[in-house]
Amino acid sequence: MADNVGTFLAKSTVRAADLEHRRKINFNIGKYDAVVPMGKAQFNDVDLVRRRAKNVKWKALETLDQRLEEFEANLVRRGGNVIWAQDAEEALRAIGEICRRHRCKTLVKSKSMVTEEIHLNRFLEENGIESVETDLGEYIQQLDGEPPYHIVTPAMHKSKEDVARLFTEKLNTPPGLSPEELTLVARERLRAKYTEAEVGVTGANFIIADIGGVAVTENEGNARLSLSWPKVHIVVAGIEKVLPSIDDLALFWPLLATYGTGQKVTVYNSIISGPRQPGEMDGPEEMHVILLDNGRTNILADAKARESLYCIRCGACLNACPVYKNIGGHTYGTTYSGPIGSVITPHLSGLGEWKHLSHASSLCGNCTEVCAVKINLHELLLKNRYDATQEGHQGRAERMAWKMWRIASLNRWMMNSGSARIKNWVVSRLFKGWSAHRQELQFPAKTFNQQWRERRRTAEA
Ligand code: SF4
């Protein structure tokens, strides 16, 4: 536990002082901020759209068991296979078995946070399978040996010059290539991989119950190639991704595009509802959908935290968060960063080890303000803090400090005794963590009683 907190604080301190990092992030988020209003302009009443979306997700999550079974029945009817995985280990075991059966040597993968969550690439590497990220941002990150920095824009912290240098170092390209040239290099290398790969893996933006389909939305066409070229398509999806009906996409696709990238609709939108059917010209011979729990039912069981499962991973709360903008995505040390990551990680991976993330917030409420589906993120951060205290996850020193604070502040005699200088000294020693990065707490020169007496005397005079 101390390690996670210590690493987080150490990395935050370094990142917050890194002006070059801040410049790149501000530049990229600035571009995002400039286009989001254009996406929003497509809605007559964007607030109503967000409320409706929240309502659809509420309905879907309140009947999650039925929706998932409905999805399974419909997908199986068209020849698909559904695998229920309680945790990462079960999901990886299932993927490993499918790969073994098909003697998979190369696997192509499109961008998917849930495969990051289960550490799929590491697992495949350990099993001698080459896993190729086909999304450009993910490809850059894979070349650099780094996890994604942001849930929508994996290489947001890199400038075009950084990417050109990386390509020169790893792929031997001439130095100083332009973004267009770099894209062509990646494209040429990736094309060959699609034709080699035995298996393609994608995530799912949405799982559609009434048609037994998986909706994937992307801008590069790489997911479409990853899922249609290889003989086997594996989808890894968190169980919360469910939408009741295909009709709901009319609401969710433009909403996700607007809040994710400022587009009206993302460029490529695919719905896959089974493997290749008789008489069809293309598509995989097998389609497997892994429905992953991995702690999500812990969140579902918590009536207040449940709404964090409505998240559509648009990334808007990350872009709006003053803490994220200062410390960056990698500092969190988690798959999901920013406000939504700080809300769900303690539920997915342990409150004791990750409760400090709930304090990585100014509680300004900007995350809640911008959330595409109106999740009360800042209140859920406060709830995590409360839960951590109730479950006794604070350190002994902190518990003692608050106990003494409570005794003193409820005792008028103690509040009135001693000079402000002595009280400042005592409190600063008591709450060392507070004053390490902030101005020391200052008691007023006169106590409340003294001020009150003086005010009454003035009033009576
Ligand atoms: S919590 Fe809301 S704003 Fe943040 S990624 Fe999820 S849907 Fe987007």
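Note that the structure is a prediction, hence the values are computed from the model and not measured. (Residues numbered from 1 in each chain as written. Predicted model: local features only at pLDDT ≥ 70, side-chain atom pairs only at ≥ 80, totals over all residues. Heavy atoms only, no water.)

A. Region of the structure containing the site of the ligand. Close to the ligand lie 14 residues; Cys 311, Cys 314, Gly 315, Cys 317 and Cys 371 are nearest. Partitioning the shell around the ligand into residue classes produces 12 nonpolar, 1 polar and 1 charged. (Near = heavy atom within 4 Å. Nonpolar A, V, L, I, M, F, W, Y, C, P; charged D, E, K, R; others polar.)

B. Looking closely at a nonpolar patch on the surface. A cluster of nonpolar residues, Ile 407, Trp 413 and Met 414, forms a patch on the protein surface that exposes about 370 Å² of accessible area. Among the structural elements, Trp 413 can be located in helix H21 (residues 412-416). (Patch = residues over 30% accessible without salt bridge, like charges linked within 9 Å, V, L, I, M, F, W, Y side chains within 5 Å. Areas by Shrake-Rupley, 256 points an atom, 1.4 Å probe, with all protein chains shown as cover. Salt bridge = Lys/Arg side-chain N within 4 Å of Asp/Glu carboxyl O. Helix = DSSP H or I, 4+ residues; strand = E, 2+ residues; numbered from the N terminus.)

C. Up close: the domain arrangement of the protein chain. You can read the domains of the protein chain as domain 1 (42-294) and domain 2 (396-460). Here domain 1 and domain 2 have C-alpha centroids that lie 55 Å from each other. (Domains from an automatic or database assignment.)

D. A look at the environment of Leu 166. Structurally, Leu 166 can be placed in helix H9 (residues 160-171). Along the primary structure Leu 166 and Ile 140 are separated by 26 residues, whereas in three dimensions their C-alpha atoms are 8.0 Å apart. Other than its neighbours up to four places away in sequence, Leu 166 contacts Ile 140, Leu 143, Asp 144, Lys 158 and Leu 171. (Contact = heavy atoms within 4.5 Å.)

E. Here's a closer look at helix H22 (residues 420-430). Those residues of H22 that sit buried are Ala 420, Lys 423, Asn 424, Val 427 and Ser 428. Down the axis of H22, the buried set is contained in an arc of 125 degrees. They therefore lie on one face. Across from the buried face of H22, at angles greater than 90 degrees, the exposed residues are Arg 421 and Trp 425. On its buried face, H22 sits against helix H20 (396-409), H21 and helix H23 (432-436). (Buried < 20%, exposed > 50% of the residue type's maximum accessible area, 1.4 Å probe, protein only. Arc of directions from axis to C-beta.)

F. Region of the structure containing the nonpolar core. Grouped together as the largest cluster of nonpolar side chains are 101 residues, with contacts concentrated most on Ile 118, Phe 206, Ile 234, Phe 252, Ile 312 and Val 373. If we skip the residues at most four places from it in the chain, Ile 312 touches Phe 206, Phe 252, Leu 255, Leu 256, Ala 372 and Val 373. Ranked by size, the runner-up nonpolar core spans 19 residues in total, among them Val 163, Tyr 194, Ala 197 and Leu 225. (Core = buried A, V, L, I, M, F, W, Y, C linked by side-chain atoms within 4.5 Å.)

G. A look at helix H5 (residues 88-101). With 14 residues, H5 extends 20 Å from end C-alpha to end C-alpha; this agrees with the ideal 20 Å at 1.5 Å per step. Among the residues of H5, those classed as buried are Ala 88, Ala 91, Leu 92, Ala 94, Ile 95, Gly 96, Ile 98 and Cys 99. Packing partners of the buried residues in H5 comprise strand S1 (81-85), strand S2 (106-109), helix H7 (120-126), strand S4 (199-202), strand S7 (232-238) and strand S10 (286-292). In the segment just after H5, Arg 103 is the residue with positive phi, at about 45 degrees. (Expected span 1.5 Å × (residues − 1).)

H. Region of interest: the side chain of Thr 368. One can find Thr 368 in helix H18 (residues 366-370). Its relative accessible area of 14% is what places Thr 368 among the buried residues.

I. Representation of the packing of helix H16 (residues 338-349) against helix H19 (residues 377-390) in the model. With their axes 9 Å apart at the nearest point, H16 and H19 run at an angle of 35 degrees to one another. Handedness of the H16/H19 crossing: left-handed. For the pair formed by H16 and H19, the contact residues are Pro 339, Ile 340, Ser 342, Val 343, Pro 346 and His 347 on the first element and Leu 377, Leu 380, Leu 381 and Asn 384 on the second. For the contact of H16 with H19, the per-class residue count stands at 7 nonpolar, 3 polar and no charged. (Axes fitted to C-alpha atoms, helices over the stretch in contact; angles between N-to-C directions. Left-handed = near helix turned anticlockwise from the far one by under 90°.)

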